[in-house]
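Residue strings, one per chain:
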Amino acid sequence: MVEVGLFDALRRKGRGSSKPGTLRKASSADTRHLEEWAASRRGVEAYVEPRTTVTDTTVVLVAHDGEWTRRRIGSLGAAQEFGRKRSIPVYEVARTGYPKRMREYTQRQKIIDQRRSESD
């Protein structure tokens, strides 16, 4: 007979990952996603979000139509280097805010999702 505690499964789930309360750093998978995303869209701009107590520095890439993606980037300098290599303008969200087209895209997606769920 094996004794299993109520929370053992939850503890096992975290093995191999970072410790609770620590920030996950940007990975090569994050960078690869950003590279592929930017290469497949037009008019991409980068908006850097500062590190917080729960999230490392992130970058939001926004395409010409407002479609966007977010991934960890490591630092403002890393985001600036990413943008420089790809001729993508880089902005600090704290200074510029998010572009209007990003908010409009998100709103359009919500409407599409609502209509899709209503028709199902």
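On a predicted model such as this, the values are computed, not experimentally measured, just so you know.

So, how was this worked out
Residues numbered from 1 in each chain as written. Predicted model: local features only at pLDDT ≥ 70, side-chain atom pairs only at ≥ 80, totals over all residues. Heavy atoms only, no water. Helix = DSSP H or I, 4+ residues; strand = E, 2+ residues; numbered from the N terminus. Buried < 20%, exposed > 50% of the residue type's maximum accessible area, 1.4 Å probe, protein only. Contact = heavy atoms within 4.5 Å. Areas by Shrake-Rupley, 256 points an atom, 1.4 Å probe, with all protein chains shown as cover. Core = buried A, V, L, I, M, F, W, Y, C linked by side-chain atoms within 4.5 Å.

Caption draft 1: Examining the overall build of the protein chain more closely. Helix and strand counts for the protein chain come out as five helices and four strands. Each helix and strand of the protein chain, placed in order from N terminus to C terminus, yields the pattern α-α-β-β-β-α-β-α-α. By residue count, 26% of the 120 residues in the protein chain fall in the buried class. Put simply, 56% of the contacts in the protein chain that link residues at least 6 apart link residues at least 24 apart. A total of about 8700 Å² of accessible surface is found on the protein chain, and carbon and sulfur atoms cover 51% of it.

Caption draft 2: Representation of the nonpolar core in the model. Grouped together as the largest cluster of nonpolar side chains are 13 residues, with contacts concentrated most on Leu 34, Val 44, Val 59, Leu 61, Ile 73, Phe 82 and Ile 88. Counting only elements with at least two residues in this core, the list comes to helix H2 (28–39), strand S1 (45–49), strand S2 (58–62) and helix H3 (76–86). Element by element, the count of residues in this core is highest for H2, at three residues. When sequence neighbours within four positions are dropped, the list of residues in contact with Ile 88 reads Ala 38, Val 44, Glu 45, Ala 46, Phe 82 and Gly 83.

Interpretation in functional terms is not warranted from these geometric data alone.
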